[in-house]
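# Fold and contact review
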Amino acid sequence: MHQSILSYRGSRYLWWSLLLCLIAIVAYIVDEPNMPPNGGTVLGYILGTLSALLIVWLMWFGIRKRCYKSKMGTVVGWLSAHVFLGLALVILATLHTGFQFGMNVHTLAYVLMIIVVVSGIYGVFCYLHYPRLMTDNRGEVSPDSLMRQIQEIDRQALVIASEISDETHERVLNSIRRSRVGGGVLKIIFGRHKKANLEGLVQKAKVQQKIMKAKNVDSTMAFMASRITHGREDTSELLRQLTDLLIGQKEKLLAQLRRDLQYKAYMDLWLYIHVPFSFALLAALIVHIFSVFFYW
Ligand code: HEM
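Residues numbered from 1 in each chain as written. Predicted model: local features only at pLDDT ≥ 70, side-chain atom pairs only at ≥ 80, totals over all residues.

### Some points on the overall build of the protein chain
The condition that has to hold: The secondary structure listing takes helices from DSSP runs of H or I that are at least 4 residues long and strands from runs of E that are at least 2 residues long, numbered from the N terminus. For the purpose of contact definition, each residue receives a C-beta atom placed from its backbone, and two residues are in contact when these atoms lie within 7 Å.
In terms of regular secondary structure, the protein chain is built from eleven helices and zero strands. If you list the helices and strands of the protein chain from N to C, you get α-α-α-α-α-α-α-α-α-α-α. Within the protein chain, counting contacts between residues at least 6 apart in sequence, those at least 24 apart form 73% of the total.

### Side note on unusual backbone geometry
The residue R9 is not glycine, and still its phi comes out positive at about 45°. Among the secondary structure elements, R9 is positioned in helix α1 (residues 4-30). Positive phi, normally seen in glycine, also occurs at F99, with a value near 60°. Considering the arrangement of structural elements, one finds F99 in the loop between α3 (75-97) and α4 (105-138).

### Some words on the site of the ligand
What counts is decided by this rule: Using a C-beta atom placed from the backbone, a residue is scored as near a molecule or strand whenever that atom is within 6 Å of it. The nonpolar class holds Ala, Val, Leu, Ile, Met, Phe, Trp, Tyr, Cys and Pro. Asp, Glu, Lys and Arg form the charged class, and all remaining residues, Gly among them, are polar.
Inspection of the region around the ligand gives 25 residues, with L58, G62, G86, G120 and S278 positioned closest. Among the elements of the structure, α2 (42-66), α3, α4 and α11 (271-295) are those that each provide at least two residues to the shell around the ligand. Grouping the amino acids of the shell around the ligand by side-chain chemistry returns 17 nonpolar, seven polar and one charged.

### Quick word on the nonpolar core
Among soluble globular proteins, nonpolar side chains are generally buried collectively. The condition is simple: Connectivity within a nonpolar core runs through C-beta atoms within 7 Å, and the core itself is a set of buried Ala, Val, Leu, Ile, Met, Phe, Trp, Tyr and Cys residues. Residues with at least 20 other C-beta atoms within 10 Å of their own are called buried, those with 12 or fewer are called exposed, and the rest are partly exposed. The C-beta atoms themselves are positioned from the backbone.
Among the nonpolar cores identified, the biggest contains 26 residues, and L89, L92, A109, M113 and L281 are the most heavily contacted of them. Among the secondary structure elements, those contributing two or more residues to this core are α1, α2, α3, α4 and α11. In terms of residue count, α3 provides more of this core than any other element does, nine residues in total. Residues contacting L281, with those up to four places away along its chain left out, are I55, A109, L112, M113 and V116.

### Describing the packing of α3 against α4
How we decide: Lines are fitted to the C-alpha atoms to define the axes, a helix being fitted only along its stretch in contact, and any angle between axes, read from their N-to-C directions, falls within 0 to 180 degrees. For this classification, under 35 degrees means roughly parallel, over 145 means roughly antiparallel, 65 to 115 means roughly perpendicular, and everything else is oblique. Crossing handedness is defined as follows: a turn of the near helix away from the far one that is anticlockwise and smaller than a right angle gives a left-handed crossing, while the clockwise case is right-handed.
Contact pair α3 / α4: the axes reach a minimum separation of 10 Å and the direction vectors enclose 155°. Viewed along their axes, α3 and α4 adopt a mutual orientation that is roughly antiparallel. Note on packing geometry: the crossing formed by α3 with α4 is left-handed. Touching V83, G86, L87, L89, V90, A93 and T97 of α3 are Y110, M113, V117, G120 and V124, all from α4. Classifying every residue of the contact of α3 with α4 by side-chain character gives nine nonpolar, three polar and no charged.

### Some thoughts on α2
One turn of an α-helix holds 3.6 residues; hence residues three or four places apart share an orientation. Formally: Here a helix's expected span is defined as the number of its residues, less one, multiplied by 1.5 Å. Bend, in this description, refers to the angle at a residue between axes fitted to the seven residues ending there and the seven starting there.
In a regular helix each residue adds 1.5 Å, so 25 residues correspond to 36 Å; α2 covers 37 Å between its end C-alpha atoms and thus fits that length. Remark: the principal bend of α2, roughly 25°, maps to W60. Taken residue by residue, α2 has L43, G44, L47, G48, S51, I55 and L58 as its buried positions. Where α2 is buried, its residues touch α1, α3 and α11.

### A look at the confidence of the model for the protein chain
The predicted coordinates ought not to be read in detail in places where the model reports low pLDDT. The criterion, for reference: pLDDT expresses how confident the predictor is about each individual residue, on a scale running from 0 to 100.
Averaged over all residues, the pLDDT of the protein chain is 85; the fraction at 70 or higher stands at 81%. Across the protein chain, α3 holds the top mean pLDDT of 97, while helix α9 (residues 219-230) sits lowest at 43. Note that pLDDT drops below 50 for residues 194-199; the model gives that stretch 15 contacts with residues more than four away or on any other chain. Here residues 214-225 scores under 50 on pLDDT; set against residues more than four positions off or in separate chains, the count is eleven contacts.

### Structural notes on the packing of α4 against helix α10 (residues 236-269)
Two numbers describe how α4 lies on α10: the axes approach to 10 Å, and their chain directions differ by 175°. In terms of orientation, α4 lies roughly antiparallel with respect to α10. Here C126, Y130, L133, M134, N137 and R138 of α4 come into contact with α10, specifically with Q256, R259, D260, Y263, Y266 and M267. Classifying every residue of the contact of α4 with α10 gives seven nonpolar, two polar and three charged.

### A look at the environment of P143
Within the fold, P143 resides in helix α5 (residues 143-164). The spatial distance from the C-alpha of P143 to the C-alpha of L253 is 9.9 Å, given a sequence separation of 110 residues. Beyond its immediate sequence surroundings of up to four residues, P143 is in contact with L257 and D260.

What follows is the structure, given as structure tokens:
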């Protein structure tokens, strides 16, 4: 799906866009207006009208994307056309200006357009880049399935913890309540996720793991290690199971899920620039057109 944005139907919209740009460039070169090239020459008006129509059509994609019953082409086809014709717009609009820039609403519209286009290019990069990272991160396992596995681990951990002691059960329960996943886009990207708060329990378990690793100990030594760290012989095996569940398995799944959400958030972040600036561009475009005809 994501690769096909660029190669959709043999990249037909790439060729259409290149042709459009070529015609515009040739027309600009051969055109000999009786004033310096600008938006007010005949060619300037033609290029300006084309650019304005293109902008309205590019914005229409937001509506087309949400019309699931629409029979006007596929969304992938629209997106492919959106990307290539959106890039062609830069050439058309630049030639329309005749390279006459200044501190005015016309240049403001142009700058907003460039911001939208640059954010769009970054968006295409995201569409091509992040889905691959997401697959590398969690393979074919869906985020829902990761969530279900985490819930199952929590359930098992509570059962084991309750066999160890009430205090352990309470701590595990608290840790489950405190370990959060998700939130808003910015929180996912910049926020530090609260780690499962197992306090002393995890510390003891980690010490136990270190001792076992350092000495390459067998189960008897593990039992001894747990006595050293925890002081209760009858709960060492349960504590080991709990450690394995909460540190070994759950932390790994949580990290996968959080990374997945982070990639998804990066994929959405650029739209926070692309869409609002598109609307700002539309507003500036209306003012630009209105002021041109008002002062004319
Ligand atoms: C002035 C030119 C442009 C305007 C006004 C514009 C406007 C829009 C709008 C309104 C959407 C719909 C967003 C939504 O509702 O979710 C959109 C989506 C998108 N645009 Fe643009 N765009 C422009 C140029 C570009 C360019 C040049 C590129 C890439 C090179 C691009 C890439 C994208 C992509 C990848 C999406 C898909 C977002 C999605 O479906 O999640 N855009 N654009």
